[in-house]
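Inside the fold
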Amino acid sequence: MTPDHSFEGDIHSPLEVDIHERESIEIELLLEGIHRLYGYDFRNYAMPSLRRRIWHCVHAENLKTVSSLQEKVLHNRDCFDRLVYNLSIPVTEMFRDPELFKTFRKKIIPILRTYPYIRIWHAGCSTGEEVYSMAIMLHEEGLYEKSRIYATDMNDRSLAQAKEGIFNIEKMQLYTKNYLAAGGTRSFSEYYTAKYNSVIFQPFLRKNLIFAEHNLATDGSFNEFNVIFCRNVMIYFDDKLRNHVHKLFHESLNHFGVLVLGSKESIHFTDFADCYEPMDMTEKIYRKIK
Ligand SMILES: C[S@@+](CC[C@H](N)C(=O)[O-])C[C@H]1O[C@@H](n2cnc3c(N)ncnc32)[C@H](O)[C@@H]1O
């Protein structure tokens, strides 16, 4: 029997207890198997969205139970890749939440201007739209030449697309609107060349971008940064994993380094809350002070 996906822990009858319990065991075993065989650790992702995604995969693979998905995933690498892609939720936009970019331009760029060299890390960059947005902003502010932008994600399919810098032409209308709302001053179409249904961003924008696979749950610190962007990633994590990632960011930021979380997230209620002071309360931009 397929469980009722709509109930999130409200337990009413012994039958529901049984279904709920069995499903929890199956999900736990699936995640444990994935961790042991492939090294990907989803064990501390927030359960409601993880559960929805797993069931989506069960149905997409024409299966009926989480256990049958476990069997397929452990025996079939392609099925595992499809599951990872699905669990990674690669939704993104250029100049997503334009107010954040506007605030960054106003409050953080003047600080970066005083540095001889700028290192930025976009953790969970997905298909790269956020990274190209940053490259454009730094270029317009005359800072791109002295910057290195490290862009990482656990999802190699998304990263491959990010490296190419090729995006669907249909999205350019929205991205142009976002760019202007983010304080862009030029014609957005200067930055890309259109070909058939796609656009490719100008090669000079890719020059100082470094794309690499990095898993926030299992990989360590790899450099020291002036700025770390991590938006719409930790919302899918539980408190334990969120704290683990904040430890990694704290280790990877230099003193007065800037942490950008975006309006939906906060440093409050994490183990590192008192290591930062707010630079913008709405956009959740912080500066490391200890
Ligand atoms: C919703 S996208 C956010 C993209 C971009 N930061 C933005 O706000 O538009 C979430 C991204 O986080 C990545 N992600 C999820 N868990 C991760 C992990 N443990 N390590 C690295 N990246 C992860 C996913 O692969 C996905 O590309």
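Residues numbered from 1 in each chain as written. Predicted model: local features only at pLDDT ≥ 70, side-chain atom pairs only at ≥ 80, totals over all residues. Heavy atoms only, no water.

The name given to the protein chain in an unreviewed UniProt entry is Protein-glutamate O-methyltransferase CheR, and the organism recorded there is Paenibacillus zeisoli.

With that out of the way, let us pick up the pairing of strand β9 (residues 276–280). Both β9 and strand β10 (residues 285–288) contribute to a ladder of four bridges, which runs antiparallel. The partner of Y276 across the bridge, within β10, is K288. Linkage of β9 to β10, two consecutive antiparallel strands, is achieved through a turn of four residues, within which K284 is found at a positive phi near 55°. (Pairing = 2+ DSSP bridges. Helix = DSSP H or I, 4+ residues; strand = E, 2+ residues; numbered from the N terminus.)

With 14 residues, helix α10 (residues 239–252) should cover 20 Å at 1.5 Å per step; its first-to-last C-alpha distance of 20 Å lies within 8% of that length. Along α10, the residues classified as buried are L241, N243, V245, H246, L248, F249, H250 and S252. Of the residues flanking the start of α10, the one acting as N-cap is D238, its side-chain oxygen 3.1 Å from the backbone nitrogen of K240. (Expected span 1.5 Å × (residues − 1). Buried < 20%, exposed > 50% of the residue type's maximum accessible area, 1.4 Å probe, protein only. Polar contact = N/O pair within 3.5 Å; in protein donor to acceptor, adjacent residues only side chain to side chain.)

Here we take up the sheet that holds strand β6 (residues 209–213). Taken in spatial order, the seven strands make up an open sheet running β6-β2-β1-β7-β8-β10-β9, and their pairing is mixed. A strand with exactly one partner marks an edge of an open sheet, and here the two such strands are β6 and β9. Going across the sheet, the axis of each strand differs from the next one's by a mean of 20°, ignoring polarity. Across the sheet, helix α5 (residues 98–112) touches β1 (118–123), β7 (225–229), β8 (253–260), β9 and β10, and the angle it forms with β7 is around 175°. Sheet contacts for helix α6 (residues 129–140): β1, β2 (147–153), β6 and β7; angle to β2, the most-contacted strand, approximately 170°. (Axes fitted to C-alpha atoms, helices over the stretch in contact; angles between N-to-C directions. Contact = heavy atoms within 4.5 Å.)

Our next topic: the sheet that holds strand β5 (residues 198–201). Pairing between the strands of a sheet is mediated by backbone hydrogen bonds and can be parallel or antiparallel. Pairing is antiparallel across the open sheet formed by three strands, whose spatial order is β3-β5-β4. The open sheet terminates on both sides in strands that have one partner only, identified here as β3 (166–168) and β4 (192–195). Averaged over neighbouring strand pairs, the angle between their axes works out to 30° when direction is ignored.

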